[in-house]
Amino acid sequence: ILNVEQSPQSLHVQEGDSTNFTCSFPSSNFYALHWYRWETAKSPEALFVMTLNGDEKKKGRISATLNTKEGYSYLYIKGSQPEDSATYLCAFPENSGYALNFGKGTSLLVTP
Amino acid sequence: DSGVTQTPKHLITATGQRVTLRCSPRSGDLSVYWYQQSLDQGLQFLIQYYNGEERAKGNILERFSAQQFPDLHSELNLSSLELGDSALYFCASSVTGGHEKLFFGSGTQLSVL
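Residues numbered from 1 in each chain as written. Chains lettered and ligands numbered in written order. Predicted model: local features only at pLDDT ≥ 70, side-chain atom pairs only at ≥ 80, totals over all residues. Heavy atoms only, no water.

Trainee: Now, about the nonpolar core: what can you tell me, with residues and values included?
Mentor: Counting residues in each nonpolar core, the largest one holds 22 residues, and the members touching the most others are Leu33(A), Trp35(A), Phe48(A), Leu75(A) and Tyr88(A). Going through the elements one at a time, β3 (19–24), β4 (33–38), β5 (45–50), β7 (62–67), β8 (72–77), β9 (86–93) and β11 (106–111) of chain A are the ones with two or more residues in this core. Excluding residues within four positions of it along the chain, Leu75(A) makes contact with Thr19(A), Asn20(A), Phe21(A), Trp35(A), Leu47(A), Phe48(A), Ile62(A), Ser63(A), Ala64(A) and Tyr88(A). Core analysis: the next-biggest nonpolar cluster, separate from the first, contains 20 residues, Ile47(B), Ile60(B), Leu81(B) and Val112(B) among them. (Core = buried A, V, L, I, M, F, W, Y, C linked by side-chain atoms within 4.5 Å. Buried < 20%, exposed > 50% of the residue type's maximum accessible area, 1.4 Å probe, protein only. Helix = DSSP H or I, 4+ residues; strand = E, 2+ residues; numbered from the N terminus. Contact = heavy atoms within 4.5 Å.)

Here it is, written out as structure tokens:
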């Protein structure tokens, strides 16, 4: 099983702050990198699937970058809002298959 | 609503018993995945099916089995249940089973007493 590491484990910011998290993955045999948002009492929801080195994705105030050569991806949230409070998961396919290995996530709390 | 339906939402049973969890994928999705979320663990991949065939297998115990039927719904069978099997079991689906977004169901919370 390939290791997907996420940091920090948790984060507490004030409304309006910008923040970012890191996902580290094995840089060999890269296929894709996924980001998901998981709100309490709900199910994980896909944010981005990134496949190319240097890829940048954006959805509203959330964006992500990808560096496949060094094996990391950053997720950025600009101007955090309380509704952004959730656990953010990254996931990486194992081997040449499509089964996703998920990291343990970064738990974000945004307070007014 | 992701369009993925899982039943039941909650299941309480005793050790040694057998249960079946059901998943209906989004309309048009051919691939189904099963994941287990237990305390202090991330989402653990169990198994993936594509159009009725097993495509990938993760850390699925021998006591667990799954299948995908011709109508594309999937069932996860858990037998000889142990206390440690208590977890939230998610089903997810995607169109082709390739490198694309997964759509998750709301999960089945299994409690083994």
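Trainee: Could you give me a rundown of the interface of chain A and chain B, with the residues and numbers involved?
Mentor: Taken together, the 21 residues of chain A in the interface contact 22 residues of chain B. Carbon and sulfur atoms make up 68% of the area that chain A and chain B hide from each other, which totals about 1600 Å². In terms of surface lost to chain B, no three residues of chain A exceed Trp38(A), Tyr98(A) and Phe102(A), which account for 33% of the buried area on that side. At the boundary of chain A with chain B, the tally comes to zero salt bridges. Elements with a minimum of two residues in the side of chain A that touches chain B: β4, β5, β9 and β10 (100–102) of chain A. Here the element with the most residues in the side of chain A that touches chain B is β5(A); it accounts for four residues. A breakdown of the residues in the side of chain A that touches chain B according to their chemical character gives 16 nonpolar, three polar and two charged. (Buried area = accessible area lost by both parts, 1.4 Å probe. Salt bridge = Lys/Arg side-chain N within 4 Å of Asp/Glu carboxyl O. Nonpolar A, V, L, I, M, F, W, Y, C, P; charged D, E, K, R; others polar.)

Trainee: Go over the packing of aromatic side chains, please, and point to the residues and values.
Mentor: Taken as a whole and judged by the stated rule, the model has 15 aromatic pairs over all chains. Relative to Tyr76(A), the ring of Tyr74(A) has its centre 6.1 Å away and its plane inclined at 70°; by these criteria the two rings are edge-to-face. By relative accessible area, Tyr74(A) is classed as partly exposed at 27%. According to the relative accessible area criterion, Tyr76(A) is partly exposed, its value standing at 32%. Ring pairs connect the aromatic residues Tyr36(A), Trp38(A), Phe102(A), Tyr35(B), Phe45(B), Phe90(B) and Phe104(B), which therefore count as one cluster. Above the ring of Phe103(B), the side-chain terminus of Arg26(B) is found at 3.6 Å from the ring centroid. Between the NZ or CZ atom of Arg55(B) and the centre of the ring of Tyr50(B), over which it lies, the distance is 4.5 Å. (Phe/Tyr/Trp six-rings, centres within 6.5 Å; stacked < 30°, edge-to-face > 60°. Lys NZ or Arg CZ within 6 Å of the ring centre and 35° of its normal.)

Trainee: Let's hear about the sheet that holds strand β6 (residues 56–59) of chain A: which residues, and what values?
Mentor: All names here are of chain A. Strands sit in the order β1-β3-β8-β7-β6 across an open sheet of five strands; the sheet is antiparallel. Two strands close off the open sheet at either side, each with one partner strand: β1 (5–7) and β6. With direction set aside, neighbouring strand axes in the sheet form an average angle of 15°. Bridge count for β6 against β7 is four bridges, and the pairing is antiparallel. Paired with Lys57 across the bridge in β7 is Ala64. (Pairing = 2+ DSSP bridges. Axes fitted to C-alpha atoms, helices over the stretch in contact; angles between N-to-C directions.)

Trainee: Lay out the pairing of β5(A) with the relevant residues and their values.
Mentor: Residues and elements named next belong to chain A. Counting buried positions along β5 yields five of six residues, so the element is predominantly enclosed. As paired elements, β4 and β5 share five bridges and run antiparallel to each other. Within β5, the residue paired with Leu33 across the bridge is Met50. Taking the residues that link successive antiparallel strands as the turn, the β4-β5 hairpin has six residues, and the phi of Ala41 there is positive, at about 65°.

Just distances and angles here, no functional claims.
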